[in-house]
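Structural overview
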Amino acid sequence: MPQGRGTSADVVLAHAFASAAFTATEAIAATGLTRSTVLAACEELVQLGWLRALDDARAAGEYRKGRPARRYALDEDAGVVVGVDAGQHRVSVAVADLRGVVRGRAAASLGDTGLDVGVRLGAVRDAVAEALADARVGADRVLVVVVGIPAPVDVHGASPRDGGYWDRMNPGFGTLLDHGSVVVENDANLAALAERPSSGDASFAALLSGERFGAGIVVDGVLLRGARGGAGEMRVLDLVDGVSSSDGIGATARTLVAEAADRIPVGSLLAGSHGSERLFEAARSGDPVAIDIVDRLGDRLARVSVLLASLLDIDRVVVAGAIADAVGPVIERARTHLAAWDYDPVPELVASRLGADVVVLGAVARALDEVRSAPLAVSLPVASSLSAPLAAG
């Protein structure tokens, strides 16, 4: 490739990622490149499989006088990206096209086997294959896989060796597929990437809050990572008065319900082995034990939020993860505690609207970022494998 052609093609392709169908004239205006350079870059990108040449503007009914303008668009079916939320107890996978539209999904429950490395790797591999089948695409169409895990991850995808939990959560996913590249990332960081569009210019923490607290932190628009990927790791909560562990809201709710067993009357929604699952329902019905537990959870969440805001001067804490759909009462109590305490700055405390999908959608977003950062370094599938378009999901 001649010197400079790759740079021009990158610029035009970046415009294609950010646009719908476009003419060469529109690409010239957006990129500042000359007409001949844009046309050459577009033809090259068509040959490489990144762009589709469309009907000209006159045929599309958008042009009436003069010579018809050539039109192009990103071929969103040129390949797929895969996002994986590889939690301890559950694996969730989404397959998306190059516009980020999810075309296939799969999930698997690990139950109590999530610490078994062989079971864990097998479950992730099987779920990815199932999601690709749901999207009706082969593994050769995969450009990037991003795997989110509940452990700190450095820029090379490695976690600190701890001889225990982190080692099992990040046992090595490099051989997950025969095609495409695999990126391993902390799950809370991926949650922050998913939440960033709705948080605008705010500095915020996406606080995964189910089994364990973990925070993905964005300050002044930059995702904080740390040399070993430990930014946002919440083991420090073991030392925080009134919190005492990194257990999340879901795990703590189970503990508090179990501890209150002798105060729970027969017939209460909290009675029985699944009482913690009905905690918020019981609190809404006026159950005094449930109301007390929700208040204690709110106090604990408020303390975690104060810690994050005081250290990082963030504007917002987004309570994220599957529990976000039900955690409204806890957030309300936490807001009450925050208003009563004299700890400025007081962060805005909100629930994520992405629910259980927050990590897997963040993984898709990260995978697309990987593709868009250096697309011409990515090898697209051969033309024959592109003959069947992605099935609409």
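These lines cover the structure that appears in this document, whether it is placed above or below. What you see is a predicted model; the values in this text were computed from it and never measured. (Residues numbered from 1 in each chain as written. Predicted model: local features only at pLDDT ≥ 70, side-chain atom pairs only at ≥ 80, totals over all residues. Heavy atoms only, no water.)

The helix and strand inventory of the chain stands at eleven helices and 13 strands. Among the 393 residues that make up the chain, the fraction classed as buried is 51%. For the chain, the proportion of contacts with a sequence separation of at least 24, taken over those separated by at least 6, is 67%. A total of about 18000 Å² of accessible surface is found on the chain, and carbon and sulfur atoms cover 50% of it. Positive and negative side-chain charges of the chain, numbering 37 and 50 respectively, have mean locations separated by a distance of 6 Å. (Helix = DSSP H or I, 4+ residues; strand = E, 2+ residues; numbered from the N terminus. Buried < 20%, exposed > 50% of the residue type's maximum accessible area, 1.4 Å probe, protein only. Contact = heavy atoms within 4.5 Å. Areas by Shrake-Rupley, 256 points an atom, 1.4 Å probe, with all protein chains shown as cover. Lys, Arg positive; Asp, Glu negative; His and termini not counted. Charge placed at Lys NZ, Arg CZ, Asp CG, Glu CD.)

With that settled, the discussion passes to the nonpolar core. For soluble globular proteins, the rule of thumb is that nonpolar side chains tend to be buried together. Counting residues in each nonpolar core, the largest one holds 48 residues, and the members touching the most others are Leu13, Trp50, Leu51 and Leu143. The leading source of residues in this core is helix 11 (residues 358–373), at eight residues. Apart from residues no more than four positions distant in its own chain, Leu51 is found in contact with Leu13, Ala16, Phe22, Cys42, Leu45, Val46, Tyr72, Ala73, Leu74 and Asp75. Judged by nonpolar contacts, the second largest core, of 42 residues, contains Phe213, Ile264, Ala282 and Leu338. (Core = buried A, V, L, I, M, F, W, Y, C linked by side-chain atoms within 4.5 Å.)

Moving on to helix 11. With 16 residues, helix 11 should reach 22 Å at 1.5 Å per residue; the first-to-last C-alpha distance of 22 Å fits that figure. Every buried residue belonging to helix 11 is among Val358, Val359, Val360, Gly362, Ala363, Val364, Arg366, Ala367, Leu368 and Val371, and all of these are buried. (Expected span 1.5 Å × (residues − 1).)

This paragraph deals with the packing of aromatic side chains. Considering all chains together, one arrives at two aromatic pairs under this definition. Taking the centre distance of 6.2 Å and the plane angle of 35° together, the rings of Phe22 and Tyr72 count as tilted. In this pair, Phe22 sits in strand 1 (residues 22–23) while Tyr72 sits in strand 3 (residues 71–74), placing the two residues 50 residues apart along the sequence. For the pair formed by Phe22 and Tyr72, the shared burial category is buried. A cation over a ring is seen here: Arg212 above Tyr165, with NZ or CZ 4.0 Å from the ring centre. Positioned above the aromatic ring of Trp166 is the side chain of Arg235, whose terminal nitrogen or guanidinium carbon lies 3.9 Å from the ring centre. (Phe/Tyr/Trp six-rings, centres within 6.5 Å; stacked < 30°, edge-to-face > 60°. Lys NZ or Arg CZ within 6 Å of the ring centre and 35° of its normal.)

The next thing to look at is the pairing of strand 10 (residues 214–219). Counting buried residues along strand 10, six of its six residues qualify, which places the element largely inside the surrounding structure. Residues of strand 10 alternate between two faces, with Gly214, Gly216 and Val218 on one and Ala215, Ile217 and Val219 on the opposite face, all of them buried. Where strand 9 (residues 204–208) meets strand 10, five bridges bridge the pair, whose relative direction is antiparallel. Each bridged residue has a counterpart across the sheet, and for Phe204 the counterpart in strand 10 is Val218. Of the strand pairs in this sheet, strand 10 and strand 11 (residues 222–223) are connected by two bridges, and their pairing is antiparallel. Residue Val219 lies in a different strand from strand 11, and its bridge partner there is Val222. Here strand 10 folds back onto strand 11, and the loop between the two strands holds two residues, one of which, Asp220, carries a positive phi near 55°. (Pairing = 2+ DSSP bridges.)

Bringing the sheet that holds strand 3 into the picture now. Pairing is antiparallel across the open sheet formed by three strands, whose spatial order is 1-3-2. Edge positions in the open sheet fall to strand 1 and strand 2 (51–54), since each of these has one partner strand only. Pairing analysis gives four bridges linking strand 2 to strand 3, with the strands arranged antiparallel. Each bridged residue has a counterpart across the sheet, and for Leu51 the counterpart in strand 3 is Leu74. On the sheet, helix 3 (residues 35–48) packs against strand 1, strand 2 and strand 3 and is oriented at approximately 110° with respect to strand 2. (Axes fitted to C-alpha atoms, helices over the stretch in contact; angles between N-to-C directions.)

The strand order across the open sheet formed by five strands is 6-5-4-7-8, and the pairing between neighbours is mixed. Each edge of the open sheet carries a strand with a single partner, namely strand 6 (102–109) and strand 8 (181–186). Strand-to-strand, the axes of this sheet are offset by a mean angle of 15°, without reference to chain direction. In this structure, strand 5 (residues 90–96) lies alongside strand 6, joined through seven bridges in antiparallel fashion. From the neighbouring strand, Val93 faces strand 6, where its bridge partner is Ala106. Packed onto the sheet, helix 6 (residues 187–199) meets strand 7 (142–149) and strand 8 and runs at close to 95° relative to strand 8.

Moving on, we come to the side chain of Ser19. Structurally, Ser19 is set in the loop between helix 1 (5–18) and strand 1. Side-chain polar atoms of Ser19 contact the backbone oxygen of His15, separated by 2.7 Å. (Polar contact = N/O pair within 3.5 Å; in protein donor to acceptor, adjacent residues only side chain to side chain.)

With that settled, the discussion passes to the pattern of salt bridges. For the coordinates displayed, the defined rule picks out 17 salt bridges. Here Arg333 makes a salt bridge to Asp295, at a shortest N to O gap of 2.7 Å. Of this pair, Arg333 sits in helix 10 (residues 328–340) while Asp295 sits in helix 9 (residues 288–312); the two residues are 38 residues apart in sequence, bridging distant segments of the chain. Within the structure, one salt-bridge network assembled from shared partners comprises Glu185, Arg225, Arg366 and Glu370. (Salt bridge = Lys/Arg side-chain N within 4 Å of Asp/Glu carboxyl O.)

This brings us to the environment of Leu354. On the secondary structure map, Leu354 appears in the loop between strand 13 (348–351) and helix 11. Taking C-alpha positions, Leu354 is 29 Å from Pro160, a pair spaced 194 residues apart along the chain.

Structurally, the position occupied by Asp75 is in the loop between strand 3 and strand 4 (80–86). Judged by relative accessible area, which is 16%, Asp75 ranks as buried. Aside from chain neighbours lying at most four places away, what touches Asp75 is Gly49, Trp50, Leu51, Arg52 and Leu98.

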